[in-house]
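# Descriptive analysis of the structure
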Amino acid sequence: MTDARTIHGSGLTTIAGDGTVLDAWFAEVAAGAPSAGDLAASAMTFETLAGADERRKVTVEAVQLTIDLDEAPASTADAYLRLHALSHLLVRPNELNLDGIFAHLPNVAWTSAGPMLPADAARLRPLLQRAGIQITGVDKFPRLTDYVLPAGVRIADASRVRLGAHLAPGTTVMHEGFVNFNAGTLGASMVEGRISQGVVVGDGSDIGGGSSIMGTLSGGGTHRVSIGARTLLGANAGIGISLGDDCIVEAGLYVTAGTKIVLADAAPTADGGRPVVKGAELSGENGILFRRNSLSGAVEAVRRAGVGVTLNEALHA
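Quick caveat: nothing in here was measured; it's all calculated off a predicted structure.

## Details of unusual backbone geometry
With a phi angle near 65°, Leu89 is a residue other than glycine that sits in the positive phi range. Along the polypeptide, Leu89 turns up in the loop between helix H2 (76–87) and strand E5 (108–111). Here the phi dihedral of Asn182 falls at roughly 55°; this positive angle occurs in a residue that is not glycine.

What follows is the structure, encoded as structure tokens:
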């Protein structure tokens, strides 16, 4: 494997009493293959942090791993290193192989003291409570901030951003914003809506409160939705198509690939009306305002000039 597509990491992995590998935290993540000196130094550092935690019935062990990003995940630690690489901004969403990742991620009871088996968490609940350990969720993916603290990023509610989210400096994720793994921002952006798996948002764009961007995990689709630079997805709006640069989707409007859209500023047709196209035909185009006609109820697209949105620089510094 080549250094250009190789990632290595060193850290700690948590193993349950039955041998299930629950997670892996990589404090050191870098591109390329590690040197022998790097491996020796990391081994000494993390071995001193290893040991058993009887409260959670787990053992923490040192882990060192080098992976090829073009190969499919081969283990739980491998899957976690890929998620770390995304959140450390070493690779962008959709630029690494995540095939079969769910099979390598066990369902985990996430606690304020770290991961444990759900069955153990249920059985030991009274002891956990007396120790002040709270169960914060049961899921395959942990919170981003339990593993990576991205530089120059604000996250109002840590439970809303999963490990594997790619958040560029200057990004603000407000309380109702959500960012899934293998998704995120490529520049300073405001996130008050939902960014689903596989979705990327360009520099200077605003994902409005309550808005939604379709992913590909649940719907069976194959199109990877993206949003360009300086684009506004209005409050409670949604898209199933890509948006280019300097676009606006008005508040409350949902545009999918099959939505019938009137080209409101196009030349009239032979019958005096305006051309109608499906949303897929406008996917990824720059400088479009999507709106709903308040009289007819029709969804319209209008070509526009200038910047779609300008973020408050003080909020994203």
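## Remarks on the sheet that holds strand E16 (residues 206–207)
One open sheet holds the 10 strands; their spatial order is E8-E10-E13-E16-E19-E21-E25-E26-E23-E24, and the pairing between them is mixed. Strands with a single pairing partner mark the edges of an open sheet, and in this sheet they are strand E8 (154–155) and strand E24 (276–278). As paired elements, strand E19 (residues 232–233) and strand E21 (residues 248–249) share two bridges and run parallel to each other. Bridge assignment links Leu232 to a residue of E21, and that residue is Ile248.

## Points about H2
The end-to-end C-alpha distance of H2 is 17 Å, a good match for the 16 Å that 12 residues give at a rise of 1.5 Å each. Along H2, 12 of the 12 residues are buried, which leaves the element largely enclosed by surrounding structure. The set of residues buried in H2 consists of Thr76, Ala77, Asp78, Ala79, Tyr80, Leu81, Arg82, Leu83, His84, Ala85, Leu86 and Ser87. Among the structural elements, strand E1 (6–16), strand E2 (21–31), strand E4 (58–68), E5 and strand E9 (165–166) are those in contact with the buried residues of H2. Put simply, Ser75 is the residue that caps the front of H2, since its side-chain oxygen is 3.1 Å from the backbone nitrogen of Asp78.

## What about the pattern of salt bridges?
In total, this model carries 11 salt bridges according to the counting rule given. The shortest N-O distance in the salt bridge between Asp146 and Arg143 comes to 3.1 Å. Overall, Asp146 belongs to the partly exposed group, its relative accessible area being 39%. Classification of Arg143 by relative accessible area gives partly exposed; the value is 29%. Residues joined by salt bridges that share partners form a network here, namely Asp53, Arg55 and Arg56.

## Re the sheet that holds strand E3 (residues 51–53)
Strand order in the open sheet formed by four strands is E2-E1-E4-E3, and the pairing between neighbours is antiparallel. This sheet does not close on itself; its edge strands, each paired only once, are E2 and E3. Geometrically, the sheet is characterised by an average inter-axis angle of 35° between neighbouring strands, direction not taken into account. Examined bridge by bridge, E1 and E4 share 11 bridges and lie antiparallel to one another. When the sheet's bridge partners are listed, Ile15 is paired in E4 with Thr59. Seen against the sheet, H2 touches E1, E2 and E4 and runs at an angle of roughly 45° to E2.

## A look at the UniProt feature "binding site: succinyl-CoA" (unreviewed entry) in the protein
UniProt feature "binding site: succinyl-CoA" (unreviewed entry): in the numbering of this structure it lies at Arg194, Gly209, Ser212, Ala235, Glu250, Ala251, Gly258, Lys278, Arg291, Arg292, Asn293 and Ser294. Separation in sequence by 101 residues is matched in space for these annotated residues, since their most distant C-alpha atoms are 26.2 Å apart. Along the chain, Ser212 falls in strand E17 (residues 212–213). When its relative accessible area of 7% is taken as the criterion, Ser212 is described as buried. With residues up to four places along the chain from it excluded, the contact list for Ser212 reads Arg194, Leu233, Ala237, Gly238, Ile239 and Tyr254. Among the polar contacts made by the side chain of Ser212, one reaches the side chain of Arg194 at a distance of 2.5 Å. Along the polypeptide, Glu250 turns up in the loop between E21 and strand E22 (254–255). Residues in contact with Glu250, not counting those within four places in the same chain, are Gly234, Ala237, Phe290, Arg291 and Arg292.

Rules and cut-offs
Residues numbered from 1 in each chain as written. Predicted model: local features only at pLDDT ≥ 70, side-chain atom pairs only at ≥ 80, totals over all residues. Heavy atoms only, no water. Helix = DSSP H or I, 4+ residues; strand = E, 2+ residues; numbered from the N terminus. Pairing = 2+ DSSP bridges. Expected span 1.5 Å × (residues − 1). Buried < 20%, exposed > 50% of the residue type's maximum accessible area, 1.4 Å probe, protein only. Contact = heavy atoms within 4.5 Å. Polar contact = N/O pair within 3.5 Å; in protein donor to acceptor, adjacent residues only side chain to side chain. Salt bridge = Lys/Arg side-chain N within 4 Å of Asp/Glu carboxyl O. Axes fitted to C-alpha atoms, helices over the stretch in contact; angles between N-to-C directions. UniProt positions renumbered as here; feature names shortened; annotations may be inferred.

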